[in-house]
Amino acid sequence: MKKVAEEVYRAKAHGDRLIAESREVIPPSPEPPRPSVQQTTVAAPPPPKPQPAQSFTAAPPSSVQSGAKPGSSFKSYGSHEQVSQHLSRVVSNMNAMKAIAQQLKSDKPEPQSVPLSSLKTPVPPRKVELIAIGASTGGTEALSKILRDLKPPLPPIVIVQHIPPMFSKMFSDRLNNECVINVKEAEDGDRLEPNSAYVAPGNRQMRVKNVGGLMSLDVNPGPKYGGHCPAVNVLFKSVAENVGDRAMGVILTGMGEDGAEYMVKMREAGCVTLGQDEASSVVYGMPRVAFEKGAVMQQVPLNGMAMMITAVANYK
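Basis of the calculations
- Residues numbered from 1 in each chain as written.
- Predicted model: local features only at pLDDT ≥ 70, side-chain atom pairs only at ≥ 80, totals over all residues.
- Heavy atoms only, no water.
- Helix = DSSP H or I, 4+ residues; strand = E, 2+ residues; numbered from the N terminus.
- Contact = heavy atoms within 4.5 Å.
- Axes fitted to C-alpha atoms, helices over the stretch in contact; angles between N-to-C directions.
- Parallel < 35°, antiparallel > 145°, perpendicular 65-115°, else oblique.
- Left-handed = near helix turned anticlockwise from the far one by under 90°.
- Nonpolar A, V, L, I, M, F, W, Y, C, P; charged D, E, K, R; others polar.
- Salt bridge = Lys/Arg side-chain N within 4 Å of Asp/Glu carboxyl O.
- Buried < 20%, exposed > 50% of the residue type's maximum accessible area, 1.4 Å probe, protein only.
- Lys, Arg positive; Asp, Glu negative; His and termini not counted.
- Polar contact = N/O pair within 3.5 Å; in protein donor to acceptor, adjacent residues only side chain to side chain.
- Pairing = 2+ DSSP bridges.
- Right-handed = clockwise from strand over helix to strand, strands pointing away.

## Let's talk about the overall build of the chain
Part 1: On a plain count of helices and strands, the chain comes out with 9 helices and 9 strands.
Part 2: By sequence separation, contacts in the chain at least 24 residues apart represent 75% of the contacts at least 6 residues apart.

Below you can see the structure in the form of structure tokens.
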């Protein structure tokens, strides 16, 4: 909200500057002096004095060449004054919304982070062969921290982060440069390798297949599930059905409830399940719903998530 308000303020300042500049483009012509009624003789005019160059900002070429009035590029938005008034109302509304948000926040006590000393490592029923992670709002930074802190040996990691196309590739490439483990944007048919993470591409549903004990990825366009593509629920469903108690599920910060439905199924199948705690979540939505549904075995703060994942994955 603060960033939006700053952008609006900048836009308003820019509009005010354009108004001022447009008024200087064509200076008003001074009225010629009127002759005095009592004047009877005509004096010779004094020699013209050199005039200093006028300082003004040139109008855009299209406006000058077409003879358009200054500021006509704003025609579709109304006059300069109307644009300025509208932006002022937007800023006022944003300030009101910010005040309400601050009031709501002040009425709610700050969530307490789960102390690292209180964490108990869930015991996996069998050796973990796959880690499945779901995230949304705030997830890119959470994933960046977790994956940077993970060190081999690790089983394959499959990730659904709500993210648009193209950005998923950029995100994967950035993580690959930052992390010890390999990170790539997932492709259909990828064989899942240890010490590697696979990020679902935007506008693609990603599922885990298990054929003869060999795990691979099914990555294809598909209908949205719960309004999302990729959807955490789609990934978690495939993990519950095809990997079962040899998998671990992790749900991170995010708005809404994607992932909770099938994280329940993962836990019922014997998977170890972890959820980010409220204090370290940018938006405590997805992990909250999963926790309330009984899908999360252990809530973990972000700064302890990599440690917990490593402990469970290498439990002997």
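## A short note on the packing of helix α4 (residues 139-149) against helix α9 (residues 302-313)
Part 1: Packing of α4 against α9 brings their axes to within 9 Å, and their N-to-C directions diverge by 40°. It follows that α4 is oblique to α9 by the angle criterion. Considering the relative orientation of α4 and α9, their crossing is right-handed. Note on element contacts: α9 touches α4 through L302, N303, M305, A306 and I309, opposite A142, K145, I146 and D149.
Part 2: Partitioning the contact of α4 with α9 into residue classes produces 6 nonpolar, 1 polar and 2 charged.

## Some words on the pattern of salt bridges
Part 1: Tallying each qualifying case throughout the model produces 12 salt bridges.
Part 2: Residue D173 is joined to K169 by a salt bridge in which the shortest nitrogen-to-oxygen separation is 2.8 Å. Here K169 and D173 lie together in helix α5 (residues 167-178), a separation of 4 residues that amounts to about one turn.
Part 3: Residues E292 and R288 are paired through a salt bridge, measuring 2.9 Å at the closest nitrogen-oxygen approach. Of this pair, E292 and R288 both sit in helix α8 (residues 286-292), 4 residues apart, which is roughly one turn of that helix.
Part 4: A relative accessible area of 54% places E292 in the exposed class.
Part 5: By relative accessible area, which is 32% here, R288 ends up partly exposed.
Part 6: In this structure, a network of salt bridges that share partners links the residues E141, R148, R174 and E178.

## Focus: the side chain of D277
Part 1: For D277, the location among the structural elements is in the loop between β8 (272-276) and α8.
Part 2: We note that D277 is buried and unpaired, the nearest opposite charge coming from K145 at a distance of 12 Å.
Part 3: Side-chain polar atoms of D277 contact the side chain of S280, separated by 2.5 Å.
Part 4: With residues up to four places along the chain from it excluded, the contact list for D277 reads S113, V114, Y284, Q299, V300, P301 and L302.

## A look at the pairing of strand β7 (residues 247-251)
Part 1: Counted residue by residue, β7 has 5 buried out of 5 residues, so it is predominantly covered.
Part 2: The alternating pattern of β7 places A247, G249 and I251 on one face and M248 and V250 on the opposite face, and all of these are buried.
Part 3: Across 5 bridges, the pairing between strand β1 (residues 130-135) and β7 is parallel. By the bridge assignment for β7, G134 is matched with I251.
Part 4: Once the chain exits β7 it traverses helix α7 (residues 260-268) before rejoining the sheet at β8, and the crossover so formed is right-handed.

## What to know about the pairing of strand β4 (residues 196-199)
Part 1: Across the two faces of β4 the burial is the same, with S196 and Y198 and A197 and V199 all buried.
Part 2: Pairing geometry for strand β2 (residues 157-161) and β4, over 3 bridges, is parallel. Among the inter-strand pairings, I159 is bridged to a residue of β4, identified as V199.
Part 3: In this sheet, β4 lies alongside strand β3 (residues 182-185) in parallel orientation, the contact comprising 4 bridges. Looking across to β4, one finds that K184 is bridged to Y198.

## Looking at unusual backbone geometry
It is generally the case that most residues other than glycine have a negative phi and that most peptide bonds are trans.
Part 1: Looking along the chain, the bond that leaves P152 and enters P153 is cis, with omega of 5°.
Part 2: Within the element layout of this structure, P153 appears in the loop between α4 and β2.
Part 3: For the bond running from C229 to P230, omega is 10°, close enough to zero to count as cis.
Part 4: Counting through the fold element by element, P230 comes out in the loop between β6 (214-220) and α6 (232-242).
Part 5: Despite not being glycine, N195 has its phi angle at roughly 60°, a positive value.
Part 6: Tracing the backbone through its elements, the reader meets N195 in the loop between β3 and β4.

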